[in-house]
Amino acid sequence: MLLTLAPLRAAAASVPLDLTGVRAGPIAVSRGADSVTVTWPDEAARVWRATFSLDPSQPLVTSITTGAEPIVRSARPFYQGETGKRRGGWYAFFDDPTSHPDGTRHVQSTFQLRAATARTVGERLEILFDGLRVGSFDGGLTYTFYPGSRLIQQEAVMTTYDADVAYYYDAGLEMAAPSDRQPGNNMRTEVVFYDTDGALRRVSLNGLQAERVPVQARYRTLAMKTAGGSVAVFPAPHQYFFPRDFTSNLGYVWHRAWRGRVSLGIRQLRDENWVYYPWMNAPPGRAQRMGVFFLLSDAAPDAALGHVLRYTNGDRFRGLDGYKTLSTHWHLADTVQAMANGFEWTPPFKPVLKAMGVDASMIMDFHGDGHPDDLTDLRLNELHAYFGALRAQSDSEFLLIPAEEANVHLGGHWTLVFPKPVYWFMNRPKDGAFVSSHAKYGTVYSVADAKELFDLVRREGGYMYQTHPRTKGSTGYPDRILTTDYFRDASYLGVGWKALPSDLSSPRLGDRAFDLVDELNNQGLRKRLLGEVDVFQFDHTHELYAHMNINYIKLDRLPPFDRWGEALTPLAKGEFFTTTGEVLLPDVNLSSSSATEIVASVRAIWTFPLRFAEIVWGEGQTTHRHIIELANTREFGSKTFEWRAKASGWKWARVAVWDVTGNGGFVNPVWRQ
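Fair warning: this is a prediction, and the values are worked out from it, not measured in the lab.

The rules behind each value
Residues numbered from 1 in each chain as written. Predicted model: local features only at pLDDT ≥ 70, side-chain atom pairs only at ≥ 80, totals over all residues. Heavy atoms only, no water. Helix = DSSP H or I, 4+ residues; strand = E, 2+ residues; numbered from the N terminus. Rg over C-alpha atoms; globule rule 2.2 N^0.38 Å. Buried < 20%, exposed > 50% of the residue type's maximum accessible area, 1.4 Å probe, protein only. Contact = heavy atoms within 4.5 Å. Areas by Shrake-Rupley, 256 points an atom, 1.4 Å probe, with all protein chains shown as cover. Pairing = 2+ DSSP bridges. Axes fitted to C-alpha atoms, helices over the stretch in contact; angles between N-to-C directions. Phe/Tyr/Trp six-rings, centres within 6.5 Å; stacked < 30°, edge-to-face > 60°. Salt bridge = Lys/Arg side-chain N within 4 Å of Asp/Glu carboxyl O. pLDDT = per-residue confidence, 0-100. Polar contact = N/O pair within 3.5 Å; in protein donor to acceptor, adjacent residues only side chain to side chain. Core = buried A, V, L, I, M, F, W, Y, C linked by side-chain atoms within 4.5 Å.

Visitor: How would you explain the overall build of the protein if you had to name every residue and give the values?
Guide: When its secondary structure is counted, the protein shows nine helices and 42 strands. For the protein, the C-alpha radius of gyration of 27 Å lies close to 26 Å, the compact-globule estimate for 673 residues. Along the first, second and third principal axes, the C-alpha set of the protein runs to 105 × 60 × 50 Å. When the 673 residues of the protein are sorted by exposure, 59% land in the buried category. Across the protein, the fraction of contacts at a sequence separation of at least 24, relative to all contacts at a separation of at least 6, is 69%. In the structure as shown, the protein presents an accessible area of about 25600 Å², 48% of it carried by carbon and sulfur atoms.

Rendered as structure tokens:
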């Protein structure tokens, strides 16, 4: 009787598994008595198997292997975080939930497996395990497998229905490591990472630290040796990081070894009433996808790290024929330091940007440094030093362009850049005139209001754009100035794009700015998005790449410093695309479109597998969107696509491509002739 009942009892312990959404393809799913196994090929056609337990009493991940010895065994997912409340809306930048009267709450995940569902998405496979709860969030765990890749994406897919929720999360995986166990319950576990100086570090964990250990690792990743190979962990390169003004490396990965079990994962710095607030938005009813990535290898940790670095090209913006990379919005206090140290002094940002493949940068000094409001020769002398300092650091392969986030007269925060040196005051000195002559600097402008400032821009061929629109110091802008002559002028190029706010229910970055530029174009205002960074001083130890995006401008070669205006012309003409670095769009052509159909020929280059592309357009009133699913693409690819969208009466259209980590590239609106 006992022998007969034993298997029945085991079967009853298993949760339901729905395989109706699984289709034949490169990834297969099979069910065992109390388990489910996913089988898929990697880039070398080797077969990998991930087995999950359907018994709620057992660790969820039974094993992941490509040989006799598992790479991962007896593993449990890890999630924790903190929740608070928003008071300034979803676009708020300086909102601090820790100062809310209700305080914040540390939340730890609980997982009680209730059911499992597998489905095929293109060539990929997602398997969802329902039963995860973190504070007011409820949902499940999803694992996504990619054919031709050893990449596994783990996501907590959860929803809250509470109002105004802000949060951040830490995630990881805890797994058995019996071969690392030593006498006395000690451990011998190897962890490998690149330190902030770029040196490869190997750390042997002895298990004497029961708590997880944060690591300030370059490239936001670390790898751990296991019995069958190694596992690397890393976050989404840009999506996981709420873009702040400061980019210090706060230790975004962690590890732990303790009595036969090891862990590795990603983390945000718990808020300590400092200037760094990593809070994300959770609008009620919208599923948040809190992801972490694992890269498996049957080789040493070094090999796993090397593969992860390929996804971001080693945190470098790769060169592209016919293009140069241009970044904007840097507050580096370069001039005041150069005046103190001499113009031949190399600022710490220069080798960092050059190593990242940044060809040109629009610098915005005098933002908390210098004397921008001064109405005497002090201001003029600093401008003169500004031009001299940037000239000294520019060469045939690296160009620094002087600009200012002027923030006077026009409304909100905005940038002004001229194609040549211009000397001007941000207000009118007593008894001064709009235009005067200076014995040393020649023509000097003193602008008393918006009208005179606009006149200055037209006289000197300058360009403007609204920085961080609708947030920070531009809250309410450019909405309040849409009818002004200066905003409607072609010299006001548009608005800045940056990956904020953070809302993990969106597969895109920077929805705030996209929504705005679509609205502006529907109103007949031909405005563009310029990728901007907006950070302060940094050096080689910082985690800059996670905060970065860049503009690839159509330019065969960099102009010399004295002709820096030539690098601004592609921005003014819209001859550029913007990217986080992993998705490149060297050719997007809509010329075959008709009045009723948009035809987009798109050449794309990417690293992570792509998620989708979109054609977005408007006819003057409504923004429309056509989604092209790209779940059949594999990692490290390139292809020329042709996409079509029925779009009767369209006036403008733009194209964007997004990968599975939220990285993307996009072009600006193109107007139908």
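Next comes the rest of the account.
Visitor: Residues and numbers for the pairing of strand 34 (residues 576-579), please.
Guide: The two faces of the sheet receive side chains in turn, since in a regular strand these alternate between them. Across the two faces of strand 34 the burial is the same, with Phe-576 and Thr-578 and Phe-577 and Thr-579 all buried. Sheet topology places strand 33 (residues 550-554) next to strand 34; four bridges connect them, and they run antiparallel. Counterpart to Ile-553 in the pairing with strand 34 is Phe-576. As judged from the three bridges shared by strand 34 and strand 41 (residues 664-667), these two strands associate in the antiparallel manner. In the strand pairing of strand 41, Thr-578 is matched with Phe-666.

Visitor: Tell me what's going on with the sheet that holds strand 39 (residues 637-646), and back it up with residues and numbers.
Guide: In space, the three strands of this open sheet follow the order 35-36-39, with antiparallel pairing throughout. Of all the strands in the sheet, just strand 35 (583-589) and strand 39 have a single pairing partner and so form its edges. Averaged over neighbouring strand pairs, the angle between their axes works out to 25 degrees when direction is ignored. Bridge count for strand 36 (residues 597-606) against strand 39 is ten bridges, and the pairing is antiparallel. Bridging from a neighbouring strand, Ser-601 pairs with Glu-642 of strand 39.

Visitor: Just give me the short version of the sheet that holds strand 29 (residues 442-446), but keep the residues and values in it.
Guide: If you trace the three strands from one edge of the open sheet to the other, you get 27-29-28, paired in mixed fashion. Each end of this open sheet is capped by a strand with a single partner; those strands are strand 27 (423-425) and strand 28 (435-438). Direction aside, the axes of adjacent strands within the sheet are offset by 30 degrees on average. As defined by bridge partners, strand 28 adjoins strand 29 across four bridges and the pair is classed as antiparallel.

Visitor: Outline the packing of aromatic side chains, listing residues and values.
Guide: Summed over all chains, the structure comprises 42 aromatic pairs. With centroids separated by 5.3 Å and ring planes inclined at 70 degrees, the aromatic side chains of Tyr-323 and Phe-577 adopt a geometry described as edge-to-face. Note that Tyr-323 is positioned in strand 23 (residues 323-330) and Phe-577 in strand 34, a separation of 254 residues in sequence. The exposure classification of Tyr-323 matches that of Phe-577, with both residues buried. A connected cluster of aromatic rings, assembled from ring pairs, spans Phe-366, Tyr-386, Phe-387, Tyr-423, Tyr-441, Phe-561 and Trp-564.

Visitor: Quick one: what's the story with the pattern of salt bridges, residue by residue and with numbers?
Guide: The full count for this structure, using the stated rule, is 36 salt bridges. Across the pair Arg-46 and Asp-298 runs a salt bridge, and its minimum N-O distance is 2.8 Å. Taken together, the positions of Arg-46 in the loop between strand 3 (35-41) and strand 4 (47-53) and Asp-298 in the loop between strand 22 (288-297) and helix 2 (301-311) put the pair 252 residues apart, joining distant regions of the chain. Between Glu-126 and Arg-119 there is a salt bridge whose closest N-O contact spans 3.1 Å. For Arg-119, a relative accessible area of 44% puts it in the partly exposed group. Three or more residues joined by partner-sharing salt bridges are found here, namely Arg-114, Asp-130, Arg-133 and Asp-138.

Visitor: Go over the pairing of strand 8 (residues 124-134), please, and point to the residues and values.
Guide: By the criterion of burial, strand 8 is predominantly enclosed, with eight of the eleven residues buried. Pairing of strand 7 (residues 105-121) with strand 8 involves ten bridges; the strand directions are antiparallel. When the sheet's bridge partners are listed, Val-121 is paired in strand 8 with Arg-124. Linking strand 7 back to strand 8 in an antiparallel pair, the connection comprises two residues, with Gly-122 at a positive phi of about 65 degrees. The pairing of strand 8 with strand 9 (residues 137-145) spans nine bridges and is classified as antiparallel. Note on strand 9: the bridge partner recorded for Leu-128 is Thr-142. Hairpin connection between strand 8 and strand 9: a loop of two residues separates the two successive antiparallel strands, and Gly-135 in this loop has a positive phi of roughly 60 degrees.

Visitor: A description of the confidence of the model for the protein should follow, citing residues and the corresponding values.
Guide: Chain-level pLDDT for the protein is 95 on average; 97% of the residues reach the 70-or-more range. Confidence drops under a pLDDT of 50 for residues 1-11, and excluding neighbours within four residues, the segment shows zero contacts in the predicted structure.

Visitor: Residues and numbers for the side chain of Asn-249, please.
Guide: Mapped onto the elements, Asn-249 comes out in the loop between strand 18 (229-234) and strand 19 (253-258). On the basis of relative accessible area, Asn-249 is assigned to the buried category, the value being 7%. Only 3.1 Å separates the side chain of Asn-249 from the backbone oxygen of Ala-217, close enough to count as a polar contact. Excluding anything up to four places from it in sequence, Asn-249 contacts Thr-196, Gln-216, Ala-217, Arg-218, Thr-541, His-542 and Glu-543.

Visitor: How would you sum up the nonpolar core? Please name residues and give values.
Guide: In terms of nonpolar packing, the biggest core is built from 115 residues, with Trp-330, Trp-424 and Trp-643 touching the most fellow members. Dropping the residues within four chain positions of it, Trp-424 is found in contact with Arg-379, Leu-380, Leu-383, Glu-404, Ala-406, Leu-416, Phe-418, Tyr-445, Val-447, Leu-453 and Leu-456.

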